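What follows is each chain in one-letter form.
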Amino acid sequence: MFGMGELLGSVMAKKDKELALLDMASADLKSVDSDRRSEELVWAAEDQMRFGIELMDSKEITREQLEAAMWASAVNDDSIGQTLVLQGVLRQERLMTLMEKFDYAQISTAMQYNVPIDDVSILHRERVALFGMSSKTIYLACLGNQRLVRYHFETLFPKHSLEFLGIRPQQIEAFLSKTDRLPKNPEERSGSLDGRVEIQRFVPRQTDDSDVLDLIVNLAGIRGGSDIHIEPKAKSYSILVRINRIRRIIHEGPLAQYNTLRAQVKDRAKMDQMEHRRPQDGAYSQEILGRMFDLRVATFPIDGGYEKVVIRLLDPDKASKHLTELGIANVDDWRGACGYPHGLVIVAGKTNSGKSTTLISSLREQDRIGKSIYTIEDPIEHRVEFITQMAVNRAESVQLDFKAGVRAMMRGDPEIILVGEIRDEETAAVAVSAAESGHLVFSTLHAGTVRESISRLRGMKISDEMLRPMVRGILAQRLMRTICNHCRNKSGKGCPMCLHTGYGGMTVISEMGFFPSEGHFNRMLEGEVFWQSMVQDALDKLERGITDEKEVYRVFKSEIEYLNDDYEGVSDLAKRVLSVVKNDAPSAVERDDGIGMTEADLKALEQAEILQSALRRHSITGVSPMPMTPEVLLADPNRYGD
Ligand SMILES: [Zn+2]
């Protein structure tokens, strides 16, 4: 494995090459002594690495993320800081704040290509480059009329101060050549550019039907929505957004608008416009409030040539979650199971129980540079650098299923393998044989508990004898909503941040069967339960004030009713849940002050409000469907996701 020294060497070698090119290309640099400049570039690379190490020491990034960024930075034109933003590790604004804090000089190594202004022509006219924006300051460079540029930016961003930094003419050219590729027409300015650069749209004063897509995607992204459903009906169409598991209507528009919207989505996701009879899928990426989201689009043919369109938003912040942030109670055992050089580790759960997030966070923790890791997924949800990810493709001409995928990776010198889901005998057989032949195999199962997972595998002709020597761990999980951190003090009545539901996020509720030896597996077969059960985990989180009684009851209804009769010790909490739900007793969750709202929250809310009112103008009734109250939601359990 390479160390920091080799990486630094490689970064510097690349800077040297750049230097040679610069020498050939630029006349004004020829007068400068090339030895001195070479030294400057070595210093620059060292400074970047020092900054990277500072980020690592202050736990902003992991060593692995730094290494990955350094490798990428050695082959592209971006600094290490900028690469961390492009890889979704840091947000641009956070990067600028960290640079302000740790190494002010680094600010001039960043470049923000997505310029949050509607008219970028001023950048070209006045030869302006944008380094980035922190919460208070905009850092830019200008070789033209600085006074005019200052006026322009101060009008657009009255709360920020401007700071002009020095820049080489070549850097401005490089920056402008990237903004050059932006279509001039603002209406078209949202497609993916260069696979990564995207302008952040601010709401224009006058919007038309072609803006509706951007309005809803931005609105959903800002409010933490996971899916957007576009549903045509006989005389109008609805847009629904799933936020924190609950699907709600956010827009009702005319069918002509639906047609514009559908054509636009299919165009961006590179789907066949003329095909209305077959389901299709596609993808594109877009920046929302400084973060690059991946959008997966699927269409479903319905009557009359219409299609239902579903857009899944993959939030880079959620994708790069650390394993310890997910809420897995026994994360040390899980890490223990994932630490073996070979064997089988399984995440079990029903649909939408967060299995793939757990798996991808686990794979991120593996030594991605030292070990070769392959996945076959259906579909790929989160892309991870240094992992070879393949997507299942059932098309007649391709026929890449889980089995074919695993066969193919066997030729690619794999060490760690992820098989998206063990769902039939064939997949079970290839997963087990890969584990038997000395690989570490990760997979998921559609099962509710550790024990149920074993019987599911038996049902797919995987015997206990086959499993005993190789199964290292089974993590069974569900998702449960957590109390909103912003409004804990308001006795669960909710606030704008949680859309008045009182719940602000999700946590994993799990049980973890860890089998470090065959003996452990035998003990489980004999009926011993040597792990904390899932309902105990839920009650534990209730006691710690992470969730409340109603939510525990919603997720563990049958278990709670059962516990009340049988288990001493946990029955107090179970009784408390029952008395709140059945006798309308007040919740006993301790309500501290909550964190209230930060400046960033208020900014996001303000942005969402602007988007919402712009969207309202395109609504068929001129009003937007109101956010539902918590009472309505609780009365109808079907409104929750599964
Ligand atoms: Zn709240």
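Just so you know, these numbers come straight off a predicted model, no measurement behind them. The numbers attached to residues start from 1 for each chain and follow its sequence in the written order. Two thresholds apply to this predicted model, a pLDDT of at least 70 for residue-level local features and 80 or more for giving and counting side-chain atom pairs, whereas whole-chain, interface and lining totals are computed over all residues.

> What exactly am I supposed to notice about the pairing of strand S15 (residues 471-483) here?
Side-chain positions along a regular strand alternate between the two faces of the sheet. Any residue surrounded by 20 or more other C-beta atoms within 10 Å of its C-beta is treated as buried, while 12 or fewer makes it exposed and the intermediate range makes it partly exposed; C-beta atoms here are placed from the backbone. In this description a helix means any DSSP run of H or I spanning at least four residues, a strand means any run of E spanning at least two, and both kinds are numbered starting from the N terminus. Of all the 13 residues making up S15, 13 are buried; the element is thus mostly covered by neighbouring parts of the structure. One requirement defines pairing of two strands: DSSP has to find at least two bridges between them. Bridging between strand S10 (residues 343-348) and S15 involves 5 bridges; their strand directions are parallel. If you follow leucine 344 over to S15, its bridge partner there is valine 471. Both S15 and strand S16 (residues 503-514) contribute to a ladder of 11 bridges, which runs antiparallel. Note on S16: the bridge partner recorded for isoleucine 483 is tyrosine 503.

> Before we go on, may I ask you to explain the sheet that holds strand S11 (residues 373-377) in this structure?
In sheet architecture, strand pairing relies on hydrogen bonds along the backbone and comes in two forms, parallel and antiparallel. On the basis of which strands lie adjacent, the open sheet formed by 7 strands has the order S12-S11-S13-S14-S10-S15-S16 and mixed pairing. Lying at the two open borders of the sheet, with one neighbouring strand each, are strand S12 (388-391) and S16. Recorded for the sheet is a direction-independent mean angle of 15 degrees between the axes of neighbouring strands. In terms of strand pairing, strand S13 (residues 416-419) meets strand S14 (residues 440-445) through 4 bridges, oriented parallel. When the sheet's bridge partners are listed, valine 419 is paired in S14 with serine 443. Axes, fitted as lines to C-alpha atoms, cover a helix only where it is in contact. Angles between the N-to-C directions of the axes lie from 0 to 180 degrees.

> Can you help me understand the pairing of strand S5 (residues 236-243) in this one?
Pairing analysis gives 7 bridges linking strand S4 (residues 225-232) to S5, with the strands arranged antiparallel. Across the sheet, isoleucine 228 pairs through a bridge with valine 241, a residue of S5. Counted along the chain from S4 to the antiparallel partner S5, the turn is 3 residues long. Bridging between S5 and strand S6 (residues 246-254) involves 8 bridges; their strand directions are antiparallel. Residue isoleucine 239 lies in a different strand from S6, and its bridge partner there is histidine 251. The antiparallel pairing of S5 with S6 creates a hairpin that spans 2 residues between the two strands, and asparagine 244 there sits at a positive phi of about 50 degrees.

> Looking at this model, I keep getting lost on helix H22 (residues 599-616). Mind explaining?
At 3.6 residues per turn, the α-helix brings residues three or four places apart onto the same side. Taking 1.5 Å per residue, 18 residues should reach 26 Å; H22 reaches 26 Å between its end C-alpha atoms and fits that length. Regarding H22, the residues found buried are Leu611, Ala614 and Leu615. Projected down its long axis, H22 shows its buried positions confined to an angular sector of 100 degrees, all on one face. Residues Glu599, Glu606 and Ser613 are exposed on H22 and point more than 90 degrees away from its buried face. To estimate the expected span of a helix, subtract one from its residue number and multiply by 1.5 Å. In this context, the arc is that of the directions from the helix axis out to the C-beta atoms.

> Before we go on, may I ask you to explain the sheet that holds strand S9 (residues 307-314) in this structure?
If you walk across this open sheet you meet the 6 strands as S6-S5-S4-S9-S8-S7, and the pairing is antiparallel. Pairing within the sheet leaves two strands with one partner each, and these edge strands are S6 and strand S7 (280-288). The average undirected angle you get between the axes of adjacent strands in this sheet is 20 degrees. Pairing of S4 with S9 involves 4 bridges; the strand directions are antiparallel. Residue pairing in the sheet places isoleucine 228 in a bridge with isoleucine 311 of S9. Contact definition: two residues whose C-beta atoms, as placed from backbone geometry, lie within 7 Å. Most of the contacts of helix H10 (residues 255-268) go to S6, to which it runs at about 115 degrees, and overall it touches S4, S5, S6, S7, strand S8 (291-301) and S9.

> Before we go on, may I ask you to explain H10 in this structure?
Taking 1.5 Å as the rise per residue, H10 with 14 residues should run 20 Å; its terminal C-alpha atoms sit 20 Å apart, in good agreement. Buried residues of H10: Tyr258, Leu261, Arg262, Val265, Lys266 and Arg268, and no others. Here the buried residues of H10 occupy an arc of 160 degrees about the axis, which is enough to place them on one side. Remark: lysine 270 follows H10 within two positions and exhibits a positive phi of approximately 55 degrees.

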